[in-house]
Amino acid sequence: MTRSAKLTFLENHLPSLSAGAYEISVTQTVRVDQEPHPASFATNRKIGIAAERTSLNPKAVHQVFPPDHSRGDHDTVLPHVILERSTLPWERSAEIGTDVPWLGLLVFHGAEAPETKPTTAGQLFLGSSTAPFFPSIEMEDFWQAESDPATVIDVPALLLRRIVPTVADLRLLSHVRKTHTEQALSQNTERAAVVANRLPMIDGLTTVHLVSLENRYEGGVFNFQGARDDETIRLISLKSWSFSCRKNGRSLTNILLGLSLSSGHTGQAGLCLPADEADTAAVSTKKANGYVLLPHRCAEGRERAAWYHGPLLPGQNTASDQHGAAAVHAAEDLYTSDAEFELLDVSYGAAWQLGRLTALRDKPFAQKLLAWKRKHAQRLHREGEAQMFANLFPESDQPNEFPELESWLKDLALLKSVPFGYLVPSAKMLPREALRLFWLDWQWVEALLDGAFSLGRVLPGQHANEPRDPIPSIRHRPITGFLLRSEAVAKWPELRFEMNGLSEGDATRLLRLDKLSNDTLLCLYDGPIQSLDIFQKPETLHFGLTLGSGEKSGFYKQLRHPETGAALSDDPADQAEATWRDGAPNRVMDTSKFAAVMADKLQKAGLHEGQGTWTSADTAMQMIQAEFRTRIIVA
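Read on for a plain summary of the structure. (Residues numbered from 1 in each chain as written. Predicted model: local features only at pLDDT ≥ 70, side-chain atom pairs only at ≥ 80, totals over all residues. Heavy atoms only, no water.)

Before going further, it helps to examine the pairing of strand β25 (residues 510-517). For β25 and strand β26 (residues 520-526), the ladder comprises six bridges, and the chain directions are antiparallel. When the bridges of β26 are listed, Leu 513 appears paired with Cys 523. Once β25 ends, the chain turns through two residues before running back antiparallel as β26. (Pairing = 2+ DSSP bridges. Helix = DSSP H or I, 4+ residues; strand = E, 2+ residues; numbered from the N terminus.)

What follows is the structure, given as structure tokens:
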């Protein structure tokens, strides 16, 4: 569940002061009447602005795309990295005295990928006038130490000449993404993005390095220090990742469209064991209702098979509470007998026992619960005496002494401490690349809560006077949800979900949305789900080109309206053909030239002032490449 968000691109976010050493001089002149000469007082102070230089805190990276170690249809995508701090690319400069971003992405195909090597700032900044070439850099000793770690790569000069961005390119390849919800336009999130200038390798491994280009340019040109083509240039690598491309591979859209949505029983995506042709009608019915046959150890120690289902059912539980009052004395009180199979159904007894064990494991909760019950018993005793001696016991309001009990039990009602094996008792119920819908079984949850609340209940019938106020009631509430097990959960952590097309003002209906493991996600929703939309949040949308077919076989970009972002017509006049360095074989874009082509076309359409005002924000707007929403309709 998400709120609609607006995404705005900004050219940059320049810091008030870039990184480096500064000296502040202050002079004060005092003039005194009848004194021939004024008195002057002066002082100097040195300060330093620290910023990342030889390494990057992993927390500074919000996301990379394509995801690390992924395999998919990425061959038309320009890799990019999203940085948490919106000023980071401009805190240093690629050329002294300018605001050219100091960060760049280098894309390596297959065997081109250089080996990473560890070193220290002290060794690195001495520089080298022979291979591997590296310029001498002054240490910022007010915060840097010679022992500071660094990771470097050595790139052949010939390859680097082909792929390193120009100064004009660098200005267009870094921008700021600003997002805000329509409900709170003042609540902005700004992050910086650095985009590569090279497409990934087709049907092979691509490696991307975020490198420091600090002071590596002179006169707008990268300084190769006179290196020959067969010699190497050393660069600081701040972040690297790799991925594979394969035609017709697994993009997010392909993954979601390929999800398994049926267990074979009803054609719907219910959470249950798959159908088997060898099953009898009775067994098939049990499976379709979410049951699994599991070994069960009886109280006397004998082991036998028993039916069990978890709290996530394929259909709604419309039965009345067959046990009357929710409170029971032991788990066995909730076992029922299945006459057709002559087996026990231990589902609610297992839930009750799990609730009790969960409460016992949480010592602070157990102590507070027993103290709360003791106070309640004392209050009942006082109320009894008050009825006999009303004049001695004036009426008083009793506050809730332990409100945290109710909070703990509400979390338990949302299954937050329930092991996965109780939710999905068989791996066959939730195979890989599958989505399963369910209804929350209110009886299972009530048994779970009563088990937790049973601490201190020793004698049969002791629960008769127990207070029930802290226990949240979900009786007959139509709580539904889904389980999604997919590589989409692992590799696209910023997925967003909308139930029934509602994303505005309806966030209270989303009860829970949590990852249970690296690739499994659980959602609980207050109400039936008729439709489910899955998509990416706006700031994670990526950049890329469209590969034409037939007569239009090259790469091109469908132009967008600069203000609304809406795609223009399919007319060739509204499409810009990609431009390349040295032709297309190396898949390295001539970013500045391509920007000029887009600017000219939009200027002719009356939608832009042209090349003179074109910025990285304009490039980002035109190069954005959104994933489609995937909608699942529940019959």
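That was the structure; now back to the text.
Taking 1.5 Å per residue as the helical rise, helix α10 (residues 442-453) with its twelve residues ought to reach 16 Å, and the 16 Å between its terminal C-alpha atoms agrees with that figure. A large share of α10 lies buried, amounting to twelve of its twelve residues. Within α10, burial applies to Trp 442, Gln 443, Trp 444, Val 445, Glu 446, Ala 447, Leu 448, Leu 449, Asp 450, Gly 451, Ala 452 and Phe 453. (Expected span 1.5 Å × (residues − 1). Buried < 20%, exposed > 50% of the residue type's maximum accessible area, 1.4 Å probe, protein only.)

Of the consecutive residues Phe 65 and Pro 66, the connecting peptide bond is found in the cis state with omega at -5°. Within the secondary structure layout, Pro 66 lies in the loop between β4 (61-65) and β5 (71-72). Cis geometry marks the peptide bond from Ala 131 to Pro 132, where omega comes out at -5°. Turning to its location among the elements, Pro 132 is positioned in the loop between α1 (121-125) and β10 (149-156). Notably, His 69 is not glycine yet its phi reads approximately 65°, a positive angle. Of note, His 69 is situated in the loop between β4 and β5. The exposure class of His 69 is exposed, given its relative accessible area of 59%. With phi around 65°, Leu 415 is a residue other than glycine that occupies positive phi space. The residue Leu 415 is located in the loop between α8 (403-413) and α9 (420-423) in this model. By relative accessible area, which is 1% here, Leu 415 ends up buried.

Turning our eyes to something else, we now look at the packing of aromatic side chains. What the rule picks out here adds up to nine aromatic pairs. Here Phe 365 and Trp 408 contribute two aromatic rings whose centre-to-centre distance is 3.7 Å and whose plane-to-plane angle is 15°, an arrangement assigned as stacked. Of this pair, Phe 365 sits in helix α7 (residues 363-388) while Trp 408 sits in helix α8, placing them 43 residues apart in sequence. By the burial criterion, Phe 365 is buried, and Trp 408 matches it. Within the aromatic cluster, the residues linked to one another by ring pairs are Tyr 217, Phe 222 and Phe 224. Positioned above the aromatic ring of Phe 224 is the side chain of Arg 161, whose terminal nitrogen or guanidinium carbon lies 4.4 Å from the ring centre. Over the ring of Phe 453 we find Lys 373; its NZ or CZ atom is 4.7 Å from the centre of that ring. (Phe/Tyr/Trp six-rings, centres within 6.5 Å; stacked < 30°, edge-to-face > 60°. Lys NZ or Arg CZ within 6 Å of the ring centre and 35° of its normal.)

Looking now at the nonpolar core. Within the largest apolar cluster, 47 residues are counted, with the highest numbers of intra-cluster contacts made by Leu 312, Leu 415, Trp 444, Leu 448 and Leu 483. Broken down by secondary-structure element, the contributors of at least two residues to this core are β18 (303-308), α6 (347-361), α7, α8, β22 (434-440), α10, β23 (479-485) and β26. It is α10 that contributes the most residues to this core, seven residues altogether. Every residue in contact with Trp 444, bar those within four places of it in the chain, is listed here: Tyr 308, His 309, Gly 310, Pro 311, Ser 347, Tyr 348, Ala 351, Leu 354, Leu 415, Val 418 and Tyr 422. Core analysis: the next-biggest nonpolar cluster, separate from the first, contains 29 residues, Val 81, Val 107, Phe 134 and Ile 137 among them. (Core = buried A, V, L, I, M, F, W, Y, C linked by side-chain atoms within 4.5 Å. Contact = heavy atoms within 4.5 Å.)

In terms of strand pairing, strand β17 (residues 292-297) meets β18 through six bridges, oriented antiparallel. Looking at the pairing, Arg 297 lines up with Glu 303 of β18. As consecutive antiparallel partners, β17 and β18 are separated by five residues, and within that stretch Gly 301 has a phi angle of approximately 100°, a positive value.

In this section: the sheet that holds strand β31 (residues 575-577). Strand order in the open sheet formed by three strands is β29-β30-β31, and the pairing between neighbours is antiparallel. The two strands at the open ends of the sheet, each matched to only one other strand, are β29 (546-547) and β31. Both strand β30 (residues 555-558) and β31 contribute to a ladder of three bridges, which runs antiparallel. Counterpart to Tyr 556 in the pairing with β31 is Glu 577.

On the surface, Leu 17, Ile 24, Val 26 and Ile 47 cluster together to form a nonpolar patch covering roughly 310 Å² of accessible area. On the secondary structure map, Ile 24 appears in strand β2 (residues 20-30). (Patch = residues over 30% accessible without salt bridge, like charges linked within 9 Å, V, L, I, M, F, W, Y side chains within 5 Å. Areas by Shrake-Rupley, 256 points an atom, 1.4 Å probe, with all protein chains shown as cover. Salt bridge = Lys/Arg side-chain N within 4 Å of Asp/Glu carboxyl O.)

Our next topic: the sheet that holds β17. Within a sheet, neighbouring strands are paired by backbone hydrogen bonds and run either parallel or antiparallel to one another. Spatially, four strands are ordered β17-β18-β21-β20 in an open sheet, and the strand pairing comes out mixed. Only two strands of the sheet have a single partner each, and these edge strands are β17 and β20 (336-338). Taking each pair of neighbouring strands and ignoring which way they run, the sheet shows an average axis angle of 45°. Of the pairings in the sheet, the one linking β20 to strand β21 (residues 343-345) comprises three bridges and is antiparallel in character. When the sheet's bridge partners are listed, Thr 336 is paired in β21 with Asp 345. (Axes fitted to C-alpha atoms, helices over the stretch in contact; angles between N-to-C directions.)

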